[in-house]
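# Commentary on secondary and tertiary structure
These are the residues of each chain, in order.
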Amino acid sequence: GKHNNISLGTNTGVNLLNPAQLAKASGSHEIFPVLMAGIVRAIDLHGDLMRMAIASPGNDFRLGACEAPPAIISTYLGETMTAYLDEFRKSKAGKEYAPAVKTVDLGLDEIAPFTMPAEDRNRTSPFPYGGHRFEFRAVGSSQNVSLVNTVLCTIWADSFGHLADQIEAGGKPAEVAAAALDQHWKVIFNGNNYDEANQEALTKAGVWRIDSGVDSLQRLSDPKNVDLFSRHGVLNEKECKARTAVLLDHYSGTVEMEALCMVDMIKQHVIPAVVNAEVEGPHLSGLQAAAAKVEAGLSKMHGAADEYSKATAARELRLETMEAARDVCDKAEGDVPEDLWTLATYKELLFLDSHQGADAISD
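Residues numbered from 1 in each chain as written. Predicted model: local features only at pLDDT ≥ 70, side-chain atom pairs only at ≥ 80, totals over all residues. Heavy atoms only, no water.

### Digging into the overall build of the protein chain
Across its full length, the protein chain carries 14 helices and four strands. Dimensions of the protein chain, computed from C-alpha atoms along their principal axes, come out at roughly 80 × 65 × 40 Å. In the protein chain, which comprises 363 residues, the share counted as buried stands at 42%. In the protein chain, the proportion of contacts linking residues at least 24 apart, taken out of those at least 6 apart, comes to 70%. Looking at the protein chain as shown, the accessible area adds up to about 18400 Å², and 53% of this sits on carbon and sulfur atoms. (Helix = DSSP H or I, 4+ residues; strand = E, 2+ residues; numbered from the N terminus. Buried < 20%, exposed > 50% of the residue type's maximum accessible area, 1.4 Å probe, protein only. Contact = heavy atoms within 4.5 Å. Areas by Shrake-Rupley, 256 points an atom, 1.4 Å probe, with all protein chains shown as cover.)

### Section: helix 11 (residues 280-302)
For helix 11, built from 23 residues, the straight-helix expectation of 33 Å at 1.5 Å per residue is met to within 8% by its first-to-last C-alpha distance of 32 Å. Where helix 11 is concerned, the buried positions are His283, Leu287, Ala290, Ala291, Val294, Gly297, Leu298 and Met301. Considering only its buried residues, helix 11 is in contact with helix 10 (237-276) and helix 12 (307-335). (Expected span 1.5 Å × (residues − 1).)

### A look at the packing of aromatic side chains
All told, the structure shown has eight aromatic pairs when counted by the stated rule. Aromatic pair Phe134 and Trp156: ring centres 6.0 Å apart, planes at 65°, arrangement edge-to-face. Of the two residues, Phe134 sits in strand 4 (residues 134-139) while Trp156 sits in helix 5 (residues 146-168), which places them 22 residues apart along the sequence. Per residue, the accessibility class of Phe134 equals that of Trp156, and both read buried. The positively charged end of Arg89 is found above the aromatic ring belonging to Trp185, 3.8 Å away from the centroid. (Phe/Tyr/Trp six-rings, centres within 6.5 Å; stacked < 30°, edge-to-face > 60°. Lys NZ or Arg CZ within 6 Å of the ring centre and 35° of its normal.)

### Things to note about the side chain of Arg51
On the secondary structure map, Arg51 appears in helix 2 (residues 31-53). Other than its neighbours up to four places away in sequence, Arg51 contacts Asp60, Leu63, Ala71, Ile73, Ile210, Asp211, Ser212, Gly213 and Ser216.

### Structural notes on a nonpolar patch on the surface
On the surface, Leu106, Leu108, Ile111, Phe114 and Met116 cluster together into a nonpolar patch covering about 420 Å² of accessible area. Examined against the element boundaries, Ile111 turns out to sit in the loop between strand 2 (101-104) and strand 3 (114-117). (Patch = residues over 30% accessible without salt bridge, like charges linked within 9 Å, V, L, I, M, F, W, Y side chains within 5 Å. Salt bridge = Lys/Arg side-chain N within 4 Å of Asp/Glu carboxyl O.)

### Quick word on unusual backbone geometry
The backbone of His132 shows a phi angle near 75°, a positive value even though the residue is not glycine. The residue Glu278 is not glycine, and still its phi comes out positive at about 60°. Along the chain, Glu278 falls in the loop between helix 10 and helix 11.

### A look at the packing of helix 10 against helix 12
Direction vectors running N to C along helix 10 and helix 12 enclose 25°, while the axes themselves pass 9 Å from each other. As summarised for this structure, helix 10 and helix 12 are arranged roughly parallel, according to the angle between their axes. Once helix 10 is placed against helix 12, the crossing between them reads as left-handed. Across the contact of helix 10 with helix 12, the residue classes tally to 17 nonpolar, one polar and seven charged. (Axes fitted to C-alpha atoms, helices over the stretch in contact; angles between N-to-C directions. Parallel < 35°, antiparallel > 145°, perpendicular 65-115°, else oblique. Left-handed = near helix turned anticlockwise from the far one by under 90°. Nonpolar A, V, L, I, M, F, W, Y, C, P; charged D, E, K, R; others polar.)

### As for the pairing of strand 4
The element strand 4 is extensively covered by neighbouring structure, given that six of its six residues are classed as buried. As defined by bridge partners, strand 1 (residues 2-6) adjoins strand 4 across four bridges and the pair is classed as antiparallel. Each residue of the ladder has a partner; that of Ile6, found in strand 4, is Phe134. (Pairing = 2+ DSSP bridges.)

### Examining the pattern of salt bridges
Where charged atoms of side chains with opposite charge meet at close range, the side chains can pair. Going through the model one piece at a time under the given rule, you end up with 21 salt bridges. Put simply, Lys204 and Glu200 hold a salt bridge, and the shortest N to O gap is 3.2 Å. You can see Lys204 and its partner Glu200 sitting in helix 7 (residues 196-205), four residues apart, about one turn around the helix. Among the residues examined, Glu200 registers a relative accessible area of 44% and is labelled partly exposed. The salt bridge partner of Glu295 is Lys267, with a shortest N-O separation of 2.7 Å. One end of the pair, Glu295, is in helix 11; the other, Lys267, is in helix 10, with 28 residues separating them in the sequence.

### Here's the deal with the packing of helix 11 against helix 12
The contact between helix 11 and helix 12 brings their axes to 9 Å, and the two run at 165°. Accordingly, the angle class assigned to the pair helix 11 and helix 12 is roughly antiparallel. Pair helix 11 / helix 12 crosses with left-handed handedness. Across the contact of helix 11 with helix 12, the residue classes break down as 13 nonpolar, four polar and six charged.

### With respect to the environment of Leu298
In this structure, Leu298 sits in helix 11. Look at Leu298 and you get buried, because its relative accessible area is 5%. In this structure, the C-alpha to C-alpha distance between Leu298 and Leu260, residues 38 residues apart in sequence, is 8.2 Å. Residues contacting Leu298, with those up to four places away along its chain left out, are Glu256, Ala259, Leu260 and Leu317.

### Thoughts on the environment of His269
Among the structural elements, His269 can be located in helix 10. In this structure His269 comes out as partly exposed when scored by relative accessible area, which is 26%. Sequence-distant contacts of His269, that is, excluding residues within four places in its chain, are made with Asp264, Thr342 and Leu343. Reaching out from His269, the side chain makes a polar contact with the side chain of Thr342 at a distance of 2.8 Å. (Polar contact = N/O pair within 3.5 Å; in protein donor to acceptor, adjacent residues only side chain to side chain.)

Structure (structure tokens):
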């Protein structure tokens, strides 16, 4: 995966998520917590769209492990920022934000001790505040970030507009922002997102959780989100539905290519290796059955009635059938001598540097 760092700036170069810079430029400490209230509101209301924007077959496999956050869209603000906003929503008064810092001493004469933010970014959070920016830590490695940033900019703009409407109608900015923080506070979570008890608590609290990437893609065409994009002139209903169909088809197509490749590998490499090694007994029938099940999953995809049904079948094929087939292949690999195994071994993949230019080294 990769991280999508995002901030907001003015046309004069002021970073709106840098509290000190914003206060200096505006002469007010009240603007920053108002902006943060809008962002917190956006995450709480539209976490489904954030999950949709990162949906992919790879992320369905990766989220919740592999240093990726789970599919529960909360935000980490850190203890200092959370305490700052908590005090703001209770007092309804803006004040200077003083982030906690720590001194790092590397013990080297050449490098003097230096200070840095004391807050960690919390690597288990999908959307932490990293100091002057937010970091969407759940984007798939092969994904284009245009949809991710379209979603983030739209939901932020919508929340800012919502707060602005109340302020322009006579509401005091601090009171409007405090009310928004009170209403959407549940989406702020600074704990361990991998902990199952925490996941259950967040789910019960109503924080957006969509485990299936296929189901999350459907959210793009949900009436709530069609209305959102339409009001802001980003996408109309027809465009939302068209993009939903395209995204579902892309999901299915990715899995289809992977499944066809797996069948070829089993038939052209794994089974011949087992036969040549004369260990067919414990493995051959299992490998043949595994390939047949993957092919059956492909047939189920091809017979699906619509894009959603096809993508749902693809997700089942990718996360269940193909995983089971891999287990069968792994067991066979363990019994086949290295010189008869025609695919790259785990050792070769993990330690590629030691398996390149071997002839040159030996010479």
